[in-house]
Amino acid sequence: FRPTMVPPPEAAVKEAAGKQEEEGEWVSVLISWVRIVVCFVLMMLTTLIWAVIMVLLLPWPYQRIRQGNIYGHVTGKIMMSILGNPIKIEGAEYSNERAIYISNHASPIDIFLIMWLTPTGTVGIAKKEIIYYPLFGQLYVLANHLRIDRSNPTAAIRSMKEAANAVVKNNLSLIVFPEGTRSKNGRLLPFKKGFVHLAMQTGMPIIPMVLTGTHRAWRKGSLHVRPVPLTVTYLPPIRTDDWTRDKIEDYVELVRDLYVDNLPLSQRPTSDQVTL
């Protein structure tokens, strides 16, 4: 006598599948937490090492900028390797020019990618409050990168002019997030005008870096880094040496439209937004 195998009810099958999926999700989250902890321990270690180097280089401010870039190349690449996301880089032939690099911003991963991929001799511009970020903020200041006071427009404009003069004098590049803040849902935000003013003051070309997938890989408020494929696309340089002040709004729209054209639908604005 052979007992007849009765297939489990559909509800039981769904429940079992749900449990397996939940267990798999927890394993994925646990692995992600371990990776994040390892990342930040290593970041603390490299930050302390380069902080010593920066202190030794205090009399040479622009050597500190270059050392800060080397720190970023090492730390950014290590952190992206640990996180394990597949990364595709397009337009790499434009990645080592002297220019104003700009990037959309929707995830902490963007910072690691920018640290890794911007060329040596690139200075960043961030809000003045970055100095309060433990270790990283202090190293940012030691590396002689630039800070602006967003709450004081007059001071911010003065800082931009000083930044432009320093960049031209010392043959540097710039990296700027033109949205001014991080997108909460990955969709492109309105662009500020600061990068256009910097371009007109320096005469340097603008090279857009279009980051896709980072908002899905590491979502705001989450400690779960998902193995989502990422793409970094360098667009061809945009000449700015003939730009004029009466067309600032047009230039902002021109550059932002390039992002809209090159981002996937999930990262494009949901409706027309006014450029700030």
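Residues numbered from 1 in each chain as written. Predicted model: local features only at pLDDT ≥ 70, side-chain atom pairs only at ≥ 80, totals over all residues. Heavy atoms only, no water.

Draft legend 1. Expanded view of a negative patch on the surface. Together, Asp246, Asp250, Glu253, Asp257 and Asp261 make up a region of like negative charge exposed at the surface. Counting through the fold element by element, aspartate 246 comes out in the loop between strand S7 (230–234) and helix H8 (248–262). Residue aspartate 246 is classed as exposed on the basis of its relative accessible area of 65%. (Patch = residues over 30% accessible without salt bridge, like charges linked within 9 Å, V, L, I, M, F, W, Y side chains within 5 Å. Areas by Shrake-Rupley, 256 points an atom, 1.4 Å probe, with all protein chains shown as cover. Salt bridge = Lys/Arg side-chain N within 4 Å of Asp/Glu carboxyl O. Lys, Arg positive; Asp, Glu negative; His and termini not counted. Charge placed at Lys NZ, Arg CZ, Asp CG, Glu CD. Helix = DSSP H or I, 4+ residues; strand = E, 2+ residues; numbered from the N terminus. Buried < 20%, exposed > 50% of the residue type's maximum accessible area, 1.4 Å probe, protein only.)

Draft legend 2. Region of interest: the packing of aromatic side chains. Summed over all chains, the structure comprises six aromatic pairs. Ring geometry for phenylalanine 40 against phenylalanine 112: centres 6.5 Å apart, planes inclined by 70°, an arrangement best described as edge-to-face. Pair noted here: phenylalanine 40 is in helix H1 (residues 10–56) and phenylalanine 112 is in helix H3 (residues 108–117), with a separation of 72 residues, a long-range link. By relative accessible area, phenylalanine 112 is classed as buried at 6%. Their ring planes at 85° and their centres at 5.9 Å tell us that phenylalanine 191 and phenylalanine 195 sit as a pair that is edge-to-face. Assessed through its relative accessible area of 2%, phenylalanine 195 is described here as buried. Grouping aromatic residues by their ring pairs yields a cluster made of Phe40, Phe112 and Trp218. (Phe/Tyr/Trp six-rings, centres within 6.5 Å; stacked < 30°, edge-to-face > 60°.)

Draft legend 3. The UniProt feature "transmembrane region" (unreviewed entry) in the protein chain, seen in detail. Under the UniProt annotation, the feature "transmembrane region" (unreviewed entry) is placed at residues 33–58. Within residues 33–58, the helical portion is 92% and the strand portion 0%, while the C-alpha atoms at the span's ends are 36 Å from each other. (UniProt positions renumbered as here; feature names shortened; annotations may be inferred.)

Draft legend 4. Structural view of the side chain of threonine 122. Secondary-structure assignment places threonine 122 in strand S3 (residues 122–127). Within the local environment of threonine 122, its side chain forms a polar contact with the backbone oxygen of proline 119, the two atoms lying 2.6 Å apart. If we skip the residues at most four places from it in the chain, threonine 122 touches Ile65, Asn69, His145, Ser173, Leu174 and Ile175. (Polar contact = N/O pair within 3.5 Å; in protein donor to acceptor, adjacent residues only side chain to side chain. Contact = heavy atoms within 4.5 Å.)

Draft legend 5. Representation of the pattern of salt bridges. Counted according to the given criterion, the structure contains three salt bridges. Residues glutamate 249 and lysine 193 are paired through a salt bridge, measuring 2.7 Å at the closest nitrogen-oxygen approach. With glutamate 249 in helix H8 and lysine 193 in the loop between strand S5 (173–176) and helix H6 (194–202), this residue pair connects regions lying 56 residues apart in the sequence. Glutamate 249 gets classed as partly exposed once you look at its relative accessible area, which sits at 41%. Given a relative accessible area of 29%, lysine 193 falls into the partly exposed group. Ionic pairing is found between aspartate 241 and arginine 239, a salt bridge with its closest N-O pair at 2.9 Å. A single burial state applies to aspartate 241 and to arginine 239, both of which are exposed.

Draft legend 6. Quick peek at the sheet that holds S5. Strand order in this open sheet of seven strands is S1-S7-S6-S2-S5-S3-S4, and the pairing throughout is mixed. Two strands lie at the open edges of the sheet, namely strand S1 (87–90) and strand S4 (146–148), each paired on one side alone. Looking at each pair of strands side by side, their axes are set apart by 20° on average, direction ignored. Across three bridges, the pairing between S3 and S4 is parallel. Counterpart to lysine 127 in the pairing with S4 is isoleucine 148. Lying over the sheet, H8 contacts strand S2 (100–103) and strand S6 (206–212), oriented at roughly 30° with respect to S6. (Pairing = 2+ DSSP bridges. Axes fitted to C-alpha atoms, helices over the stretch in contact; angles between N-to-C directions.)

Draft legend 7. Representation of helix H2 (residues 61–83). Over its 23 residues, H2 runs 32 Å from end to end, which matches the ideal 33 Å to within 8%, given 1.5 Å per residue. Those residues of H2 that fall on the buried side of the exposure criterion are Arg64, Ile65, Gln67, Gly68, Asn69, Tyr71, Gly72, Thr75, Gly76, Met79, Met80 and Leu83. Where H2 ends, the next residue or the one after it, glycine 84, has phi of about 85°, a positive value. (Expected span 1.5 Å × (residues − 1).)

Draft legend 8. Summary view of a nonpolar patch on the surface. A cluster of nonpolar side chains, namely Trp26, Leu30, Trp33, Val34, Val38, Leu42, Leu45, Ile49, Ile70, Val74, Ile78 and Leu223, defines an oily patch on the protein surface of about 1,100 Å² accessible area. Counting only elements with at least two residues in the nonpolar patch, the list comes to H1 and H2. Here the nonpolar patch gets eight residues from one element, more than from any other, and that element is H1. Isoleucine 70 sits in the partly exposed class, given a relative accessible area of 33%.

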